[in-house]
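Report on the structure
What follows is each chain in one-letter form.
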Amino acid sequence: MEKSEIVTVIAPVNIAVIKYWGKRDEKLILPINDSVSVTLDTSIMCAKTSVCTRPEFTENEIWLNGVKTTFSNQRLINCLEKIKSIAVSQKSVDAAVLTWKVRVCSENNFPTAAGLASSAAGYACLVTALAKLYKIKTDLSVLARIGSGSACRSVLGGFVRWHAGVKADGSDSLATQIADYTHWPEMKALILVASDNKKHTSSSIGMMNSVNTSDLLKYRAKYSVPKRTEEISGAIINRDFAKFAELTMKDSNQFHAVCLDTYPPCVYMTDVSHKVVEIIHAYNDMCKELKVAYTFDAGPNACLYLLDKEVPKVLALIKHLFPSSNSEFVVGLQNDEIVDTAFLNSFPIQPQPKDVIKYVIHTQVGKGPEEVFSHLLNQNGSPLNIK
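The rules behind each value
- Residues numbered from 1 in each chain as written.
- Predicted model: local features only at pLDDT ≥ 70, side-chain atom pairs only at ≥ 80, totals over all residues.
- Heavy atoms only, no water.
- Helix = DSSP H or I, 4+ residues; strand = E, 2+ residues; numbered from the N terminus.
- Rg over C-alpha atoms; globule rule 2.2 N^0.38 Å.
- Buried < 20%, exposed > 50% of the residue type's maximum accessible area, 1.4 Å probe, protein only.
- Contact = heavy atoms within 4.5 Å.
- Pairing = 2+ DSSP bridges.
- Disulfide = S-S within 2.5 Å.
- Phe/Tyr/Trp six-rings, centres within 6.5 Å; stacked < 30°, edge-to-face > 60°.
- Lys, Arg positive; Asp, Glu negative; His and termini not counted.
- Salt bridge = Lys/Arg side-chain N within 4 Å of Asp/Glu carboxyl O.
- Axes fitted to C-alpha atoms, helices over the stretch in contact; angles between N-to-C directions.

**Notes on the overall build of the chain**
- When helices and strands are counted, the chain shows nine helices and 17 strands.
- Taken against the 2.2 N^0.38 rule, which gives 21 Å for 387 residues, the C-alpha radius of gyration of the chain at 21 Å falls within 12% of a compact globule.
- Projected onto its principal axes, the C-alpha positions of the chain cover 70 × 45 × 40 Å.
- Counting all 387 residues of the chain, 57% fall into the buried class.
- A separation of at least 24 residues holds for 78% of the contacts in the chain among residues at least 6 apart in sequence.

**Some details on the pairing of strand 2 (residues 14-18)**
- Extensive coverage of strand 2 is indicated by the burial of five of its five residues.
- The pairing of strand 2 with strand 5 (residues 35-39) spans four bridges and is antiparallel. Paired with Ile18 across the strands is Val36, a residue of strand 5.

**Side note on the state of the cysteines**
- Overall, the coordinates contain zero disulfides when judged by the stated rule.
- With no disulfide partner, Cys266 has as its closest neighbouring cysteine sulfur the one in Cys259, 4.2 Å distant.
- Taking relative accessible area as the criterion, Cys266 reaches 3% and is therefore assigned buried.
- Take Cys287: it sits in no disulfide, and the sulfur closest to it among the cysteines is that of Cys303, at 18 Å.
- On the accessibility criterion, Cys287 (18% relative accessible area) is buried.

**Let's talk about the packing of aromatic side chains**
- Enumeration according to the criterion identifies 12 aromatic pairs in this entry.
- Ring geometry for Phe159 and Trp184: centres 6.1 Å apart, planes at 40°, overall tilted. Here Phe159, found in strand 10 (residues 159-162), pairs with Trp184, found in the loop between strand 11 (175-179) and strand 12 (187-193); they are 25 residues apart in sequence, far enough to count as distant. The same class applies to Phe159 and to Trp184, which are both buried.
- Pairing Tyr283 with Phe343 gives two aromatic rings, centres 5.8 Å apart and planes at 80°, and the pair type is edge-to-face. Residue Tyr283 is found in helix 7 (residues 271-287), and its partner Phe343 is found in helix 9 (residues 341-346); the two are separated by 60 residues along the sequence. Of the two residues, Tyr283 and Phe343, neither departs from the other in class, the shared state being buried.

**Quick notes on the side chain of Lys84**
- In this fold, Lys84 is placed in helix 1 (residues 74-90).
- Lacking a salt bridge, the buried Lys84 has Glu81 as its closest oppositely charged neighbour, with an N-O distance of 8.3 Å.
- What Lys84 contacts, discounting residues up to four positions off in sequence, is Leu98, Trp100 and Tyr134.

**Notes on the sheet that holds strand 7 (residues 61-64)**
- Judged by pairing direction, the sheet is mixed, and its six strands sit side by side in the order 8-7-9-6-1-17 without closing on themselves. Among the strands making up the open sheet, the edge pair consists of strand 8 (67-69) and strand 17 (370-372). Taken over all neighbouring pairs, the strand axes of this sheet differ in orientation by 25° on average, direction set aside.
- Of the strand pairs in this sheet, strand 7 and strand 9 (residues 101-108) are connected by four bridges, and their pairing is parallel. Opposite Leu64, over in strand 9, you have Ser106 as the bridge partner.
- Along the sheet, helix 2 (residues 118-133) makes contact with strand 1 (7-12), strand 6 (46-54), strand 9 and strand 17, crossing strand 6 at roughly 35°.

**Thoughts on the environment of Val356**
- The topology assignment puts Val356 in the loop between helix 9 and strand 16 (359-364).
- Along the sequence, Val356 and Val193 sit 163 residues apart, while their C-alpha atoms lie 8.9 Å from each other.

**Thoughts on the sheet that holds strand 10**
- Ordered by their spatial adjacency, four strands build an open sheet running 2-5-10-11, and the pairing between neighbours is antiparallel. Two strands in the sheet have a free side with no partner beyond their single neighbour: strand 2 and strand 11. The mean inter-strand angle of the sheet, taken between neighbouring strand axes irrespective of direction, is 35°.
- The sheet contact formed by strand 10 and strand 11 spans four bridges and is antiparallel.

Given below as structure tokens:
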């Protein structure tokens, strides 16, 4: 290995339609149920990570979004150690290289820790970059899971299923692709950002409390999720949007019901979130069929799934109901709007106060992680952007 080698990877966000909530093993990050997600386009939302290793580095170092952070996070250390152990067994690099310290520099182009799957993109990015750095060949979804459970779904593009597995060592808890990103090109997503603040109850703490206290979680894992997982996989394969939408909304609702059934409760949705739910049901009722699906992760921000032909009308409705002073209220894919004044005036919900939705991200189904050659570290292995 040339000591000047820098590896840089971008990795996508994924938004689950069948939620992961609760672990059967905290250390190995093994879930109590399967989950299904949609990988989103890296050109709109992604994590970017550069890594390098040098004999002159005296300690492992990491920078996140321009800020140097201590390299003491146990999950981060677990990922690095596991990758190095695989490199030893595969003899993929010289033994001396494995004694060198590493530098990691990572940035997100979207809010971190606001319920927008930042840890999923971040750890998928990290393990993909480290795997390339140490030239190992293995299932990256298992490695990503060690850092953040949902990260295992971000190592694949398109529509992805994370299998909970049954083995104690977690070797069968991995991600597989239901369909690639080209399978359903009409599928789009609108992410309504109500808050980009860090959530007050972390997902890790919320999950642990749910496993310990929620009877609904036990019912969900045993009865609801297995059936829904099979049904939504079929809906994806058959491109059956109505079924996909129904299952997505029902699972989101049940997930947040579990959060309320937790003691003490963890509340992620806000009044704005609930208003979005009301709006989507009203819209679908007016259309007399399911045209839009909402889902909420552990945060107040809505992800709306809809087909391409519906985007112009829905965007016009969102702008009407959520007036904004932001000149760049909709970002991402180029969009058109169809303003049907009669439809807007007859809509049963009144416009909300100004700026309760900060902005909207318009995106689509995308590919998994990719190596790029615009680095975040310079040739000396130092970060280019420091705050």
